[in-house]
Amino acid sequence: YVVKEGRYSYEYALGVVKRLVSNQSISVLVVDDSDVSRTYISELLRRQGFQVLAAQNGVEAIKLLLANDAIRLIITDYHMPKMDGVELVKNIRHKYEKSDLVIIGLSGQDQPSLSAKFIKNGANDFLNKPFNYEEFTCRVRANVESLELIQQIKEAAYRDYLTGAWNRRYFFEQGEALYRECVETRKPLAAVVLDLDRFKAVNDEYGHEAGDQVLSVVAQQLHQGLSRFLFARAGGEEFVALLPGLDNDQAASLISRLRQMVASQPVVLPSGEELYVSFSAGVTNDLRDSLDHQLALADEYLYRAKEAGRNIVIG
Ligand code: GH3
Ligand code: MG
Ligand code: MG
Ligand code: MG
């Protein structure tokens, strides 16, 4: 389509196509009470490759937002029945941060103060109506690009580079919130501290690279087994997990099953050599004091597991 118009280079066309494809995973919500305006904006967005949802007012918009995880961008009119655009922004910002969900407010040229009102209340950007096609697509693209950039930065800040597991920073940020939630709702919360056995010997005998590979493989096995829960690499060959909804026995038996699985499956090195590793773990369910305290207790049990001979779960 772009090439046919004859005005653009092959590279330009390729860039457009790539963007169309990457936009397909993003849903945009258009909120406007005017049928003409809503349909027009939706059509512009579809041409940019986005999945488009539409609502006629703020109340409807919030319902759609809560039901759709894929919505990353909202474009909202100001004047609407039931809930206006600024009220909608305020409501959304209680739950969704600017860096996770972009909101662009639409304001008429007759009310210049509206754009400021939108931004003050948490909109990322605004557009004055009427806007032209080029201006609209550029604004949308710029906002989606900064959203993607922030997501990449967050991902880099929260992931462990070697194993791809969540890192310590992410674990404590999410863990503190999870801990408070479980205390408030009187839900059980099991904490696990887990450490590979005699891992220094793996490095000594097979080399650091093999050690890295073992860490990745075991992290992957643990990640799969604990996918419903908060799981992270705490550092070195130590991992931590929080298992909301599980009491001590349930958590200990889940971790024991993982222990058996890890210990019974060899890691195959590039040389073809098979390497068996195991881990020991401590599990606790003591929510009386703090998350740090709970983890310190789990660590104490881990120490006992090591003393008792390793490849053991104590909880
Ligand atoms: P224990 O059963 O008592 O836990 O013995 P251990 O040898 O596992 O414990 P120790 O704390 O003495 O050694 C941990 C080793 O883990 C030492 C360190 O070199 C290694 N290690 C930590 N992080 C990494 C990593 O990212 N890659 C590799 N290859 N090794 C690591
Ligand atoms: Mg309106
Ligand atoms: Mg160890
Ligand atoms: Mg250790």
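Here is what the cut-offs are and how they apply
Residues numbered from 1 in each chain as written. Chains lettered and ligands numbered in written order. Predicted model: local features only at pLDDT ≥ 70, side-chain atom pairs only at ≥ 80, totals over all residues. Helix = DSSP H or I, 4+ residues; strand = E, 2+ residues; numbered from the N terminus. Expected span 1.5 Å × (residues − 1). Buried ≥ 20, exposed ≤ 12 C-beta atoms within 10 Å, placed from the backbone. Contact = placed C-beta atoms within 7 Å. Pairing = 2+ DSSP bridges. Axes fitted to C-alpha atoms, helices over the stretch in contact; angles between N-to-C directions.

A.B. asks: Hey, could you run me through helix α7 (residues 168-185) in this one?
C.D. replies: For an α-helix, 3.6 residues make a turn, and residues three or four places apart therefore share a direction. With 18 residues, α7 should cover 26 Å at 1.5 Å per step; its first-to-last C-alpha distance of 25 Å lies within 8% of that length. Listing the buried residues of α7 in full gives Phe171, Gly175 and Tyr179. As for α7, its buried residues are in contact with β6 (189-196), β7 (230-235), β8 (238-244) and α11 (291-307). Once α7 ends, the next one or two residues include Arg186, with phi positive near 55°.

A.B. asks: I keep staring at the sheet that holds strand β11 (residues 279-284) and nothing clicks. Help me out?
C.D. replies: Two pairing modes exist for strands in a sheet, parallel and antiparallel, and in both the strands are linked by backbone hydrogen bonds. Spatially, β7-β8-β6-β11-β12 is the arrangement adopted by the 5 strands of the open sheet, whose pairing is mixed. Lying at the two open borders of the sheet, with one neighbouring strand each, are β7 and β12 (313-314). As paired elements, β6 and β11 share 6 bridges and run antiparallel to each other. Paired with Leu194 across the bridge in β11 is Ala281. In the packing of α11 onto the sheet, contacts are made with β6, β8, β11 and β12, and the angle to β11 comes to roughly 140°.

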